[in-house]
Amino acid sequence: MAQTTANTTHQGAIRVLQISDSHLYADPDRELAGLRTLETFNEVIELAISREKSADLVIATGDLVHDASERGYETLREGFEQLSKPVFCMPGNHDEPETLNRMLHQGDLSTVKWVTRGEWLLLFLDSTKPGQPGGHLDKDELAFLDSCLGKHPQHQVLVCLHHQPVHVGSSWIDSMALENPGEFFDIIDRHPGVRGILWGHIHQAFEERRNGVRLMGSPSTCIQFAPREEKFKLEAIPPGYRWLELLPDGDIRTGIERLETIPRGLNLENGGY
């Protein structure tokens with residue numbers, strides 16, 4: 001059974017859905033570790049439509065199109081448009097940022113760098129490093145983060161990016177984490193309004209706290225990585241999404257919602273992707 005979503009939104013809260021790591025292709029029949037990624041993406045979208053009537057917006061945290069094709073982004077856009085919600089998109093290491101910006105900045109979809117909703121400021125960072133699976137925040141991105149936080153001292157803040165800024169306990173995926181987390185956290189630590197940091201990339205649920213800030217990694221809409229493994233390994237668990245309630249006082253309520261069953265065709269012996 002799918003987990004029960006806490007679907008009663010607190011008064012004044014912003015209801016956010018995080019959808020990540022869809023790994024779509026130009027070819028709708030392409031598979032990743034035995035799964036048709038478009039099929040599982042559509043199933044997660046359908047789940048969100050059925051359970052998230054009160055959602056205010058969606059954050060898509062990268063690796064949206066595996067082959068970075070225009071057709072893949074068109075397919076992704078068609079899926080997101082079914083939600084009838086604002087969708088804020090950022091790139092992952094499998095995306096091509098220029099193509100993503102051109103194809104997804106239209107209609108209900110946006111590639112803006114920040115937005116405010118109620119008491120909250122949401123920041124969307126580009127942690128991609130051209131040609132590399134790991135992440136990096138360059139000097140311009142770090143300057144933007146510092147400047148934007150400085151201009152909104154009255155807001156509660158959620159910072160979003162693709163790559164994990166802390167190690168999650170799996171050696172292979174942690175070798176592809178954000179490579180300059182010190183510079184990132186130096187800025188975060190100077191701004192007490194930051195309440196949460198949200199990312200994709202790790203294809204699994206992850207939650208910790210650092211200096212009172214919620215740290216949250218999330219599942220993919222396709223294959224799931226087994227946690228705390230030295231080498232690449234898949235887990236037999238359904239795809240899903242994360243929901244968040246951003247309360248006016250800065251508190252964050254969050255959980256994971258998954259499909260009821262593991263998609264057919266999953267190849268647990270797959271040695272990489």
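Here the structure is a predicted model, which is why all the values come from computation and not from measurement.

Definitions and cut-offs
- Residues numbered from 1 in each chain as written.
- Predicted model: local features only at pLDDT ≥ 70, side-chain atom pairs only at ≥ 80, totals over all residues.
- Heavy atoms only, no water.
- Phe/Tyr/Trp six-rings, centres within 6.5 Å; stacked < 30°, edge-to-face > 60°.
- Helix = DSSP H or I, 4+ residues; strand = E, 2+ residues; numbered from the N terminus.
- Buried < 20%, exposed > 50% of the residue type's maximum accessible area, 1.4 Å probe, protein only.
- Lys NZ or Arg CZ within 6 Å of the ring centre and 35° of its normal.
- Salt bridge = Lys/Arg side-chain N within 4 Å of Asp/Glu carboxyl O.
- Pairing = 2+ DSSP bridges.
- Axes fitted to C-alpha atoms, helices over the stretch in contact; angles between N-to-C directions.
- Contact = heavy atoms within 4.5 Å.

Asks: What should I look at first to understand the packing of aromatic side chains in this one?
Replies: In this description, a pair of aromatic rings is defined by centroid distance and the angle of the planes. A full pass over the atoms with the stated rule returns 7 aromatic pairs. Ring geometry for F41 versus F80: centroids 5.5 Å apart, planes at 80 degrees, classification edge-to-face. Pair noted here: F41 is in helix α1 (residues 37–51) and F80 is in helix α2 (residues 70–81), with a separation of 39 residues, a long-range link. Assessed through its relative accessible area of 0%, F41 is described here as buried. On the basis of relative accessibility, which here comes to 1%, the residue F80 falls in the buried class. Here F184 and F185 contribute two aromatic rings whose centre-to-centre distance is 5.1 Å and whose plane-to-plane angle is 65 degrees, an arrangement assigned as edge-to-face. The class of F184 is buried, set by a relative accessible area of 0%. On the basis of relative accessibility, which here comes to 7%, the residue F185 falls in the buried class. Aromatic ring contacts, followed pair by pair, group W172, F225 and F232 into a single cluster. Seen from the ring of F185, R210 lies directly overhead, with NZ or CZ sitting 4.0 Å from the centre.

Asks: Explain the pattern of salt bridges here, please?
Replies: Side-chain pairs of opposite charge can arise where the charged atoms are in close proximity. In this structure the tally under the stated criterion is 17 salt bridges. We note a salt bridge from R214 to E207, for which the minimum N-O separation is 2.9 Å. Judged by its relative accessible area of 12%, R214 falls in the buried class. According to the relative accessible area criterion, E207 is partly exposed, its value standing at 40%. With a shortest N-O distance of 3.0 Å, R242 and E207 are connected by a salt bridge. Of this pair, R242 sits in strand β15 (residues 240–246) while E207 is found in strand β13 (residues 206–210), placing the two residues 35 residues apart along the sequence. Of the residues examined, R242 reaches a relative accessible area of 0% and is grouped as buried.

Asks: Mind showing me how you'd approach the sheet that holds strand β14 (residues 213–217) here?
Replies: With mixed pairing, 6 strands are arranged side by side in an open sheet as β7-β8-β11-β12-β14-β13. Each edge of the open sheet is held by one strand with a lone partner, namely β7 (114–117) and β13. Strand after strand, the sheet turns through a mean of 15 degrees between neighbouring axes, direction not considered. Of the pairings in the sheet, the one linking strand β11 (residues 156–161) to strand β12 (residues 194–199) comprises 5 bridges and is parallel in character. Within β12, the residue paired with C160 across the bridge is L198. Here helix α4 (residues 139–151) sits on the sheet in contact with β7, β8 (120–124), β11 and β12, set at roughly 175 degrees to β8. Across the sheet, helix α6 (residues 181–190) touches β11, β12 and β13, and the angle it forms with β12 is around 150 degrees.

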